[in-house]
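Architecture and fold: a report
Listed below, chain by chain, are the residues.
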Amino acid sequence: MTPTWPDHLFLVGCGNMAGQMLVRWLDCGLDPARVTVLRPSGRPVADGVRVVTAYPAALPAGTTVLLGMKPYQIADVASSLAPLCVADTRIVSILAGTTLAELRDRFPGPRAIVRAMPNLPVGLGEGVTALFTDATTDAAARAAIDALIQPLGLAEWISDETLFNRVTALSGCGPAFLFRFADALARAGEAIGIPADQAARMALATVRGSATMAARASADAGDSPATLADRVASPGGMTREGLNVLDADDRLLTLLTDTLAAARDRGEAMARGE
Ligand SMILES: NC(=O)c1ccc[n+]([C@@H]2O[C@H](COP(=O)([O-])OP(=O)(O)OC[C@H]3O[C@@H](n4cnc5c(N)ncnc54)[C@H](O)[C@@H]3O)[C@@H](O)[C@H]2O)c1
């Protein structure tokens, strides 16, 4: 399906995350002439994309704004940007811990404001983006923003904003937790005597192959990762002994629950301005 693009896309900040979103949109055929990036450094972003270091006098009609700077910059950004936003300007915010109520307060003009929480693999079209909005965003704007997000990978609308920090902990932060797991797998291999470079290659390839296999098994046969884990474990064999360590007292589950809860709690503290 050919994506439908906003008439104009104005990115405020284009660092790690917004940069990956833009990479994917351009790969999927977004005309760079429709994109303006505001970034303090003024560094080029991609061929044909206009980069500015100051706000323009006005935004073109039909602009979708992507707020891609750090959450603590919202007050500064809104004081310059809000006066440029008219009723049909659409705003997509990827700012962690910044509620829709705060966005509506800071941007009183636009009807369409959507919170989006992507993760870094969006650059490959294999990301996860959680989305939330309210009834002030009309169906057409919601559909247009959904269409913009679709090329990035899995898009999941959240019906209750109180879930937002929880889904951010799972999928927004999740790549970091998996990268940490891959790193620990390699270092554990080294700890039991495998040469470090070999352990690093083998750990990464194991994570990659297993993730691809899990995705296919789920799509093709509805097999869950838990089922696949049991399939690797021969009765009385090596894997079961290893799984017994991870499973003892729900050790891994407890560790990950604590990890997600800490990330979620930080999002809630950020929403309180802490
Ligand atoms: N990194 C992730 O995995 C991830 C995932 C989901 C959401 N987010 C959200 O994305 C946002 C950016 O995170 P990041 O990791 O890309 O950070 P980053 O530091 O890589 O990018 C921030 C960008 O904002 C620019 N910037 C700084 N001051 C600015 C200003 N006053 N006006 C406009 N731009 C300004 C910086 O030059 C930089 O390019 C955050 O709000 C974060 O919550 C990040």
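Numbers given to residues run from 1 along each chain, matching the order in which its sequence is written. For a predicted model such as this one, the threshold for reporting local features is a pLDDT of at least 70, and the threshold for listing and counting side-chain atom pairs is 80 or more; totals across whole chains, interfaces and linings nevertheless cover every residue. Processing note: side-chain calculations cover all non-hydrogen atoms of the structure and skip hydrogens and water entirely.

Looking at an unreviewed UniProt entry, one finds the chain named Pyrroline-5-carboxylate reductase and attributed to Sphingobium cyanobacteriorum. UniProt, in its Pathway (unreviewed entry) section for the chain, records the words "Amino-acid biosynthesis; L-proline biosynthesis; L-proline from L-glutamate 5-semialdehyde: step 1/1." UniProt positions are given in the numbering used here, feature names are shortened, and annotations may be inferred rather than shown by experiment. Within the UniProt record for the chain, the comment given under Subcellular location (unreviewed entry) is "Cytoplasm".

**A closer look at the pattern of salt bridges**
Definition used for salt bridges: Asp or Glu carboxyl oxygen within 4 Å of a side-chain nitrogen of Lys or Arg. One pass over the full model with this rule turns up nine salt bridges. Between Asp134 and Arg104 there is a salt bridge, with its nearest N and O atoms 2.8 Å apart. Of this pair, Asp134 sits in the loop between β7 (127–132) and α4 (139–149) while Arg104 sits in helix α3 (residues 100–106), placing them 30 residues apart in sequence. In this structure, Asp230 engages Arg240 in a salt bridge whose closest nitrogen and oxygen atoms are separated by 3.1 Å. In DSSP terms, a helix is any run of H or I states spanning at least four residues, a strand is any run of E spanning at least two, and both are numbered starting from the N terminus.

**What to know about the side chain of Asp146**
Along the polypeptide, Asp146 turns up in helix α4. Within the buried set, Asp146 has no salt-bridge partner at all; the shortest N-O distance to an opposite charge, 6.6 Å, is to Arg142. Any two residues whose heavy atoms approach within 4.5 Å are treated as being in contact. Look past the residues within four positions of Asp146 in its chain and what remains in contact with it is Leu131 and Trp157. Using a 1.4 Å probe on the protein chains alone, a residue whose accessible area is under 20% of its type maximum counts as buried, one over 50% counts as exposed, and one in between counts as partly exposed. Here Asp and Glu are counted as negative and Lys and Arg as positive; His is not counted, and neither are the chain ends.

**Topic: the UniProt feature "domain: Pyrroline-5-carboxylate reductase dimerisation" (unreviewed entry) in the chain**
Following the UniProt record, the feature "domain: Pyrroline-5-carboxylate reductase dimerisation" (unreviewed entry) maps to residues 161–269 here. The distance separating the terminal C-alpha atoms of residues 161–269 is 15 Å; by composition the span is 83% helix and 0% strand.

**As for the environment of Arg50**
Within the element layout of this structure, Arg50 appears in strand β3 (residues 50–52). Here Arg50 falls in the exposed class, since its relative accessible area comes to 52%. Separated by 69 residues in the primary sequence, Arg50 and Asn119 have C-alpha atoms spaced 25 Å apart. Apart from the residues lying within four places of it in its own chain, the contact partners of Arg50 are Val35, Thr36 and Val37.

**Quick word on the site of the ligand**
If a single non-hydrogen atom of a residue is within 4 Å of a molecule or strand, that residue counts as near it. Close contacts around the ligand come from 20 residues, with Asn16, Met17, Met69, Gln73 and Ala96 the closest. Whenever a nitrogen or oxygen atom comes within 3.5 Å of another N or O atom, the pair is scored as a polar contact, on the condition that within protein one atom can donate a hydrogen and the other can accept it, and that pairs from neighbouring residues in sequence are kept only if both atoms are in side chains. Here a nitrogen atom of the ligand and a backbone polar atom of Gly13 are 3.5 Å apart. Residue Gly15 places a main-chain N or O atom 3.4 Å away from an oxygen atom belonging to the ligand. About the coverage of the ligand: the protein hides 76% of its 820 Å² of free accessible area. The protein chains shown are the only cover counted for residues, whose accessible areas, like all others here, come from Shrake-Rupley with a 1.4 Å probe.

**Quick word on helix α5 (residues 164–172)**
Among all positions of α5, only Phe164, Asn165, Val167, Thr168, Ala169 and Ser171 are buried. Residues of α5 that are buried sit in contact with β6 (112–117), β7, α6 (174–191) and α10 (251–271).

**Examining the nonpolar core**
Most often, soluble globular proteins have nonpolar side chains that are buried together. Core analysis: the largest hydrophobic core is formed by 27 residues, its most contacted members being Val12, Val65, Leu67, Leu81 and Phe107. Those elements giving two or more residues to this core turn out to be β1 (8–12), β4 (63–67), α2 (74–81), α3, β6, β7 and α5. If you tally residues by element for this core, the top one is α2, at four residues. Contacts of Val65, omitting those with residues within four sequence positions, involve Phe10, Val12, Leu59, Leu81, Thr89, Arg90, Ile91 and Val92. Throughout this description, the term nonpolar core refers to a set of buried Ala, Val, Leu, Ile, Met, Phe, Trp, Tyr and Cys residues connected via side-chain atoms within 4.5 Å. In this structure, Met17, Leu22, Val37 and Ala155 belong to the second largest nonpolar core, which totals 25 residues.

**Quick look at the packing of aromatic side chains**
Note on aromatic pairs: each is described by the distance of the centres and the angle between the planes. Here the aromatic set is Phe, Tyr and Trp, taking the six-membered ring for Trp, and pairing holds for ring centres within 6.5 Å; pairs whose planes are under 30 degrees apart are stacked, those over 60 apart are edge-to-face, and all others are tilted. Under the definition given, this model contains one aromatic pair. Ring plane angle 45° and centroid distance 6.4 Å describe the contact between Phe10 and Tyr55, whose orientation is recorded as tilted. Within this pair, whereas Phe10 is found in strand β1, its partner Tyr55 is found in the loop between β3 and β4, the two being separated by 45 residues in sequence. Criterion for a charge above a ring: Lys NZ or Arg CZ within 6 Å of the ring centre, and within 35 degrees of the ring normal. Over the face of the ring belonging to Trp157 we find Arg142, whose NZ or CZ atom lies 4.0 Å from the ring centre.

**Quick look at the sheet that holds β4**
A pair of strands is labelled paired if DSSP reports no fewer than 2 bridges between them. In spatial order, the strands read β3-β2-β1-β4-β5-β6-β7-β8; together these eight strands make up an open sheet with mixed pairing. Both outer strands of the open sheet, β3 and β8 (153–157), are each paired with one neighbouring strand and no more. Here the average twist between neighbouring strands, direction ignored, is 20°. As defined by bridge partners, strand β5 (residues 90–93) adjoins β6 across four bridges and the pair is classed as parallel. Counted as the bridge partner of Ile91 is Ile113 from β6. Contacting β1, β4, β5, β6, β7 and β8, α4 runs over the sheet at an angle of about 45° to β5. Whenever a helix is involved, its axis is fitted only over the stretch in contact; in every case the axis is a line through C-alpha atoms, and angles between N-to-C directions fall within 0 to 180 degrees.

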